[in-house]
Amino acid sequence: MYDLIFSASFNRSYRKMTPSLQRRADTAIQQLRVNPHHPSLRTHKRAGEGNLWQARVTRSYRLYFELHGDTITLIDVGPHEK
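Model, not experiment: these values are computed from the prediction. (Residues numbered from 1 in each chain as written. Predicted model: local features only at pLDDT ≥ 70, side-chain atom pairs only at ≥ 80, totals over all residues. Heavy atoms only, no water.)

### Things to note about the packing of aromatic side chains
Stated formally: The rule is short: rings of Phe, Tyr and Trp, with Trp giving its six-membered ring, pair when the centres are within 6.5 Å, and they are stacked under 30 degrees, edge-to-face over 60, tilted in between. Exposure categories follow from relative accessible area, calculated using a 1.4 Å probe and restricted to protein chains: below 20% of the type maximum is buried, above 50% is exposed, and the middle band is partly exposed. Helix and strand assignments follow DSSP, with helices taken as H or I runs no shorter than four residues and strands as E runs no shorter than two, numbered in order from the N terminus.
The final tally for this structure, using the stated rule, is three aromatic pairs. Here F6 and F10 contribute two aromatic rings whose centre-to-centre distance is 5.6 Å and whose plane-to-plane angle is 50°, an arrangement assigned as tilted. Judged by its relative accessible area of 40%, F6 falls in the partly exposed class. With a centroid separation of 6.4 Å and 20° between ring planes, the pair formed by W53 and F65 is classed as stacked. In this pair, W53 is assigned in strand 3 (residues 52-56) and F65 in strand 4 (residues 61-68), connecting sequence segments twelve residues apart. A relative accessible area of 0% means that F65 is categorised as buried. One aromatic cluster is present, formed by F6, F10 and Y14 through successive ring pairs.

Have a look at this one:
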């Protein structure tokens, strides 16, 4: 299981989400904590953005995070940029 760190920017974005989206994000975060590469998360590294990764919350929302060993730092949660 991975350790989680919640950044201030993540907390601000999370608080702005609807309760329904927060529940979906909570589910994705728990799955991320157990297995960051679980197929349902569709996790992948963001091209050209260093160590920034993204994981799916819904069709249109993503978790953005950094992965360092056994620690996941949640950076942001928000609409998927296409």
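There's more to say after this.
### What about the nonpolar core?
This is how the line gets drawn: In this text, buried Ala, Val, Leu, Ile, Met, Phe, Trp, Tyr and Cys residues form a nonpolar core when linked through side-chain atoms within 4.5 Å. Note on contacts: a residue pair is in contact if any heavy atoms of the two residues lie within 4.5 Å.
Ranked by internal contacts, the top residues of the largest apolar core, which has 18 residues, are F10, L32, L63, F65, L74 and V77. Of all the secondary-structure elements, those providing two or more residues to this core are helix 1 (8-16), helix 2 (19-34), strand 3, strand 4 and strand 5 (71-79). Sort the elements by how many residues they give to this core and helix 2 lands first, with five residues. Discounting chain neighbours no more than four positions away, the residues touching L74 are I5, F6, S7, F10, I29, L32, Y64 and F65.

### Focus on unusual backbone geometry
A positive phi angle, close to 50°, is found at R42, a residue other than glycine. Topologically, R42 is positioned in the loop between helix 2 and strand 2 (44-45).

### Comments concerning helix 2
Quick note on the threshold: The span you would expect from a helix comes to 1.5 Å times its residue count less one. Directions pointing from the helix axis toward each C-beta atom define the arc.
Across its 16 residues, helix 2 extends 23 Å between first and last C-alpha, which sits within 8% of the 22 Å expected from 1.5 Å per residue. Every buried residue of helix 2 is listed here: L21, Q22, A25, A28, I29 and L32. Relative to the axis of helix 2, the buried residues are bounded by an arc of 125° and lie together on one face. Across from the buried face of helix 2, at angles greater than 90 degrees, the exposed residues are P19, R23, T27 and V34. Close packing links the buried residues of helix 2 with strand 1 (3-6), helix 1, strand 3, strand 4 and strand 5.

### Thoughts on the sheet that holds strand 1
Heads up, the condition is: Whether two strands pair depends on DSSP finding at least two bridges between them. Fitted lines through C-alpha atoms give the axes, limited to the stretch in contact for helices. The angle between two N-to-C directions lies from 0 to 180 degrees.
Across the sheet, five strands lie side by side as 1-5-4-3-2; this open sheet has mixed pairing. Either end of the sheet is taken by a strand with one partner, and the two such strands are strand 1 and strand 2. The sheet contact formed by strand 1 and strand 5 spans four bridges and is parallel. Residue F6 lies in a different strand from strand 5, and its bridge partner there is L74. Packing against the sheet, helix 1 makes contact with strand 1, strand 4 and strand 5, and its axis sits at approximately 40° to strand 5.

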